[in-house]
2 protein chains.
Amino acid sequence: MTYEQQLSADCALVENYLKTCFADREPRADLYDAMLYSLLAGGKRIRPVLALESCRMCGGDVESALPLACAVEMVHTYSLIHDDLPCMDDDDLRRGRPTNHKVYGEATAVLAGDALLTAAFETIAGAGGLDAGRLLSAVACLGAAAGSRGMVGGQVLDMAGEGHALSLAEVEELQSLKTGALISAAAELGCIAAGGSVKERAAVRRYARRLGLAFQIRDDMLDIQGDEATLGKPIGSDARSEKTTFVSLKGMEACEALVREKTEEAKNALRETFADPGFLCWLADELVQREK
Amino acid sequence: MTYEQQLSADCALVENYLKTCFADREPRADLYDAMLYSLLAGGKRIRPVLALESCRMCGGDVESALPLACAVEMVHTYSLIHDDLPCMDDDDLRRGRPTNHKVYGEATAVLAGDALLTAAFETIAGAGGLDAGRLLSAVACLGAAAGSRGMVGGQVLDMAGEGHALSLAEVEELQSLKTGALISAAAELGCIAAGGSVKERAAVRRYARRLGLAFQIRDDMLDIQGDEATLGKPIGSDARSEKTTFVSLKGMEACEALVREKTEEAKNALRETFADPGFLCWLADELVQREK
């Protein structure tokens, strides 16, 4: 199986699992439609893939990590729904489609996000095939990454930073919280599912932290030089909202170099610890070159 | 110790625990201020008290249930913050003070709610003194009660029902989800912390479900005949938003009788199973007579 095929297989696992998550729920006005509209909107599924492949690399059974992987995707999806709200980034378009509140209204969008966040923890708690100790570690890991010390904290800094200049250190902290924490948690959850050692989890975290940073810098670059049709959203939004980005601070060329540097560091973190980090090293290289 | 003193002692435990929860967090713009503004706004703490006393009644150590009790209060608080938002109930006043978004703005209020919901699960996962199996059961119980099949589902029905008439069955379902599920979860979490039996948990659930119903009917009555200064919020809001309530369906007198009936059923559910349900029976009677 090539890495491309392995990625496709992982994504298929994730899509199928997510499709079953709320399938048995009765109509509750538009709530489930709104939740599934965003959850099944064809994201790249990078976070769940990181969870599955980190689990495999740590010697675990990929299927056992699937509920944890999908829980991370629920958290990611809820964050997109809330970030797009009029009182936040006020975005109309996401992944080429109208944002959640544009279709279902603001109240339902807020509640769909709340329900997805809650469902993430419920999904971990209800996962079979892993003992309670590992699942509880997974709840703690995801909670820390998603909350005030992680993703939500980053979003608060992001909102507070709009319209005035930030330093490089401030942008790094903001992005480390806003996107880095959840990407790291995804990879760590795979390690937790596999019962990985402290050393293994630390290596996975180093990899994911650097990958997350490279990913975000690439995101900032695509907001300037990307193709709107490919991205599924308008470019130039950072400039319009006067956000300080890696590109606005360091320029495009330095960012290109930084993305390559962080990607190499990410791969080295795995090579030092694992016998077969092949897929996750390949994935890091793929993400450097992505156009969306 | 009288029941009044026991209630005060429980509330003091809860207040002290909640005060320490985010005390070590560095400033993250207004996020922690916004979270604590609502969390420490002097609510009645009924849910955490139910958790603590249900734990005691089931033979457990009250202190071991404290993180679980406070996790429920975090979920309750987040739900109030989000419910008050302009796109939801659009309320300006809560517990005699301006609502969260009136003080901190809509974006921070949404994020403070998100962070409190996340912190609830993190708090359970990080609780010492209980084994992983019980804590994981607590995560599952709280997740089910808070999410789309519980509180969020009830809020969706509440929004959808505004401006047109609902049947008694519809109002009962709505309230059972919107307020009943979390009240029941609070009591069940205490039983879980104590390692209570299936039979004990079922009895606790029966009690809490009936208590929650009586509580909500009393709430509807107070929205008509209550005192604004005592309640800390304007009365008549249900009528203004054309909400169908127990009072609008059955009249004030029938509601009085119903509250008494449900309270008796609640107490009987405990008396059938527990040797010493004294405090929780007393609490049920207290809630019937409450003026706020």
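Up top is the structure these notes are about.
About the thresholds
Here the residue index of a chain counts from 1 through its sequence in written order. Chain labels run from A onward and ligand labels from 1 onward, assigned in the order the entries are written. Only residues with pLDDT of at least 70 are given local features in this predicted model, and only at 80 or more are side-chain atom pairs given and counted; all residues enter the totals for whole chains, interfaces and linings. Remark: hydrogens and water are excluded; side-chain values derive from all non-hydrogen atoms of the structure. Only DSSP runs of H or I covering at least 4 residues are called helices, and only runs of E covering at least 2 are called strands; the numbering of each starts at the N terminus. The rule is simple: take the accessible area with a 1.4 Å probe, protein chains only, and divide by the maximum for that residue type; under 20% is buried, over 50% is exposed, in between is partly exposed. A least-squares superposition brings the copies together, and it is based on the C-alpha atoms of residues with pLDDT no lower than 70 in both. By the convention used here, residues are in contact when the closest approach between their heavy atoms is within 4.5 Å. Fitting a line to C-alpha atoms yields each axis, with helices limited to the stretch in contact; the angle taken between N-to-C directions then spans 0 to 180 degrees. Orientation labels follow simple angle bins: below 35 degrees gives roughly parallel, above 145 gives roughly antiparallel, 65 to 115 gives roughly perpendicular, and whatever is left gives oblique. Two helices that cross are described as forming a left-handed crossing if the nearer one is turned anticlockwise from the farther one by less than a right angle, and a right-handed crossing if clockwise. Note on residue categories: nonpolar means Ala, Val, Leu, Ile, Met, Phe, Trp, Tyr, Cys or Pro, charged means Asp, Glu, Lys or Arg, and polar means any other residue, Gly included. Any Lys or Arg side-chain nitrogen located within 4 Å of an Asp or Glu carboxyl oxygen qualifies as a salt bridge. Polar contact is the term for a pair of N or O atoms within 3.5 Å; when the atoms are in protein, one must be able to donate a hydrogen and the other to accept it, and sequence-neighboring residues count only if both atoms are side-chain atoms. For Phe, Tyr and Trp, rings pair up if their centres lie within 6.5 Å, where Trp contributes its six-membered ring, and each pair is then called stacked (planes under 30 degrees apart), edge-to-face (over 60) or tilted (otherwise).

## What to know about unusual backbone geometry
Residues and elements named next belong to chain A. Unusually for a residue other than glycine, Arg45 sits at a positive phi of about 60°. Along the chain, Arg45 falls in the loop between helix 2 (31-39) and helix 3 (46-57). Under the relative-accessibility criterion, Arg45 is labelled buried at 2%.

## A closer look at the relation of the copies chain B and chain A
Here chain B sits on chain A after a turn of 180° about the axis and a move of 0.0 Å along it, with an RMSD of 0.0 Å. The relationship between the two copies is best expressed as a two-fold rotation axis. Comparing interface residues between copies, 100% of those in chain B also sit at the interface in chain A, which points to an isologous, same-surface contact.

## So, the packing of helix 4 (residues 62-83) of chain B against helix 6 (residues 106-125) of chain B
Two packed helices can be described by the angle between their axes and the distance between those axes. All names here are of chain B. One way to put it is that helix 4 packs onto helix 6 with a least axis distance of 8 Å and a crossing angle of 165°. With respect to helix 6, the element helix 4 is oriented roughly antiparallel. For the crossing formed where helix 4 meets helix 6, the hand is left-handed. Contact with helix 4, carried on its side by Pro67, Leu68, Ala71, Met74, Val75, Thr77, Tyr78, Ile81 and His82, involves Ala109, Val110, Gly113, Asp114, Leu116, Leu117, Ala119, Ala120, Thr123 and Ile124 of helix 6 and no other residues of that element. Within the contact of helix 4 with helix 6, the residues separate by chemical class into 14 nonpolar, 4 polar and 1 charged.

## Some details on the interface of chain B and chain A
Taken together, the contact pairs 44 residues of chain B with 44 residues of chain A. Remark: the boundary between chain B and chain A carries 4 salt bridges. Between Glu122 of chain A and Arg149 of chain B there is a salt bridge, with its nearest N and O atoms 2.7 Å apart. At the boundary of chain B and chain A, one finds 10 residue pairs in polar contact (both at pLDDT 80 or more). Every element with two or more residues in the side of chain B that touches chain A is listed here: helix 2 (31-39), helix 4, helix 6, helix 7 (132-146), helix 8 (151-161) and helix 9 (168-193) of chain B. The biggest single contributor to the side of chain B that touches chain A is helix 6 of chain B, with 11 residues. When its residues are assigned to classes, the side of chain B that touches chain A shows 28 nonpolar, 8 polar and 8 charged.

## Side note on the packing of aromatic side chains
Residues and elements named next belong to chain A. For the structure on display, the rule yields 11 aromatic pairs over all chains. Judged by centre distance (6.3 Å) and plane angle (25°), the ring pair of Phe22 and Tyr32 falls under stacked. Of this pair, Phe22 sits in the loop between helix 1 (3-21) and helix 2 while Tyr32 sits in helix 2, and the two are 10 residues apart along the sequence. Given a relative accessible area of 4%, Phe22 falls into the buried group.

## What about the side chain of Lys243 of chain B?
Residues and elements named next belong to chain B. Along the chain, Lys243 turns up in the loop between helix 12 (237-240) and helix 13 (246-250). There is a polar contact of 3.1 Å between the side chain of Lys243 and the side chain of Asp158. The contact partners of Lys243, leaving out residues within four places of it in the chain, are Asp89, Asp158, Glu162, Lys178, Asp238 and Ser248.

## Comments concerning the environment of Thr77 of chain A
Residues and elements named next belong to chain A. Mapped onto the elements, Thr77 comes out in helix 4 (residues 66-83). For the pair Thr77 and Leu39, spaced 38 residues apart in the sequence, the C-alpha separation amounts to 5.9 Å. Setting aside residues no more than four positions away along its own chain, Thr77 makes contact with Ser38, Leu39 and Leu116.

## Observations concerning helix 2 of chain B
Counting buried positions over the 9 residues of helix 2 of chain B gives 7, a clear majority of the element. Tucked into the core, helix 2 of chain B has its buried residues touching helix 8 (151-161) of chain A together with helix 1 (3-21), helix 4, strand 2 (97-98), helix 5 (100-104) and helix 6 of chain B.

## Quick word on the side chain of Ser38 of chain B
Residues and elements named next belong to chain B. Looking at the element boundaries, Ser38 is found in helix 2. For Ser38, a relative accessible area of 11% corresponds to the buried category. Of the polar contacts made by the side chain of Ser38, one reaches the side chain of Asn100; its length is 2.8 Å. In contact with Ser38, not counting residues within four places along its chain, are Thr77, Ile81, Arg95 and Asn100.

## With respect to the pattern of salt bridges
Applying the stated criterion across every chain yields a total of 42 salt bridges over all chains. The residue Lys243 of chain B makes a salt bridge to Asp89 of chain B at a minimum N-O spacing of 3.9 Å. Highlighted residues: Lys243 of chain B in the loop between helix 12 and helix 13 and Asp89 of chain B in the loop between helix 4 and strand 1 (93-94), separated in sequence by 154 residues. Relative accessible area serves as the criterion here: at 18%, Lys243 of chain B is assigned to the buried category. The closest approach of N and O atoms between Asp92 of chain B and Lys102 of chain B, which form a salt bridge, is 3.7 Å. Here Asp92 of chain B, found in the loop between helix 4 and strand 1, pairs with Lys102 of chain B, found in helix 5; they are 10 residues apart in sequence, far enough to count as distant. Since its relative accessible area comes to 42%, Asp92 of chain B is described here as partly exposed. Put simply, Asp89, Asp158, Glu162, Lys178 and Lys243 of chain A are held in one network by salt bridges that share partners.

Treat this as a map of the structure, not an account of what it does.
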